[in-house]
Amino acid sequence: MLLTPLAARAACTAPVPPPVSEKPAKPALPQKPACLDAKGGCPGWEAYTYNDGIKAYNAQLGPYRTSAEAYARKLKAYADGSVAYANCEMQSLQ
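Here is what the cut-offs are and how they apply
Residue numbers restart at each chain and count upward from 1, following the sequence in its written direction. With pLDDT at 70 or above as the cut-off, local features in this predicted model cover only qualifying residues; side-chain atom pairs require 80 or more to be listed or tallied, and sums for whole chains, interfaces and linings still use all residues. Just so you know, side-chain values use all the structure's heavy atoms and leave hydrogens and water out. A run of H or I in DSSP becomes a helix once it reaches four residues, and a run of E becomes a strand once it reaches two; helices and strands are each numbered from the N terminus. Relative accessibility under 20% of the residue-type maximum defines a buried residue, over 50% an exposed one, and the middle range a partly exposed one, all with a 1.4 Å probe and only protein chains included. Every residue pair with non-hydrogen atoms within 4.5 Å of one another is taken to be in contact. All accessible areas in this document rest on Shrake-Rupley with a 1.4 Å probe, and a residue is counted as covered only by the protein chains that are shown. Only one rule defines a salt bridge in this text: a Lys or Arg side-chain nitrogen within 4 Å of an Asp or Glu carboxyl oxygen. Any pair of cysteine sulfurs within 2.5 Å is marked as a disulfide.

**Q** Got a sec to walk through the overall build of the chain? Specific residues and values, please.
**A** Counting its secondary structure elements, the chain contains 2 helices and 0 strands. Per-residue burial over the chain gives 10% buried out of 94 residues. Look at the contacts in the chain between residues 6 or more apart in sequence, and 75% of them connect residues 24 or more apart. Accessible area for the chain stands at about 7500 Å²; split by element, carbon and sulfur atoms hold 63% of it.

**Q** Give a description of the environment of N51 that names residues and reports values.
**A** Counting through the fold element by element, N51 comes out in helix α2 (residues 44-92). Along the chain, N51 and P30 lie 21 residues apart, while their C-alpha atoms are 9.2 Å from each other.

**Q** I'd like to hear about the pattern of salt bridges, residue by residue, with values.
**A** One pass over the full model with this rule turns up 3 salt bridges. With a closest N to O distance of 2.6 Å, E22 and K74 form a salt bridge. In this pair, E22 sits in the loop between α1 (3-11) and α2 while K74 sits in helix α2, placing the two residues 52 residues apart along the sequence. The exposure class of E22 is partly exposed, given its relative accessible area of 37%. When its relative accessible area of 39% is taken as the criterion, K74 is described as partly exposed. The salt bridge partner of K76 is D80, with a shortest N-O separation of 3.0 Å. Residue K76 and its partner D80 are both found in helix α2; the two are separated by 4 residues, about one turn of the helix.

**Q** Residues and numbers for the environment of P27, please.
**A** Here P27 lies in the loop between α1 and α2. Owing to a relative accessible area of 13%, P27 belongs among the buried residues under this scheme. As a C-alpha pair, P27 and Y64 span 37 residues in sequence and 7.5 Å in three-dimensional space.

**Q** Explain the state of the cysteines residue by residue, including any values.
**A** One pass over the structure, following the stated rule, counts 1 disulfide. Across the disulfide, C12 is cross-linked to C88 (sulfur-sulfur distance 2.0 Å). On the S-S bond that ties C12 to C88, the torsion sits near -90°, and the link is left-handed. In this pair, C12 sits in the loop between α1 and α2 while C88 sits in helix α2, placing the two residues 76 residues apart along the sequence.

Honestly, it's all geometry; don't read function into it.
Right, dumping it as structure tokens:
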């Protein structure tokens, strides 16, 4: 009879959070040149450079979003697992 509470307790498995190292880093927006807000605008080369930076940023957003959604799913699974673990532990006390 002493084994029954231990067996019930052993059935409760604590969830493991996803590693922080898997959390994706959001790409950085390129710095906006001050001349964009000026009345005369930017010289061509500066405008083209900024535009190229924006294109590169936009290209990085798709993979970032995919990684962020995957990490969010892991966090949700961890949160759900935490609730299940807490419920299991509470049941073992009865």
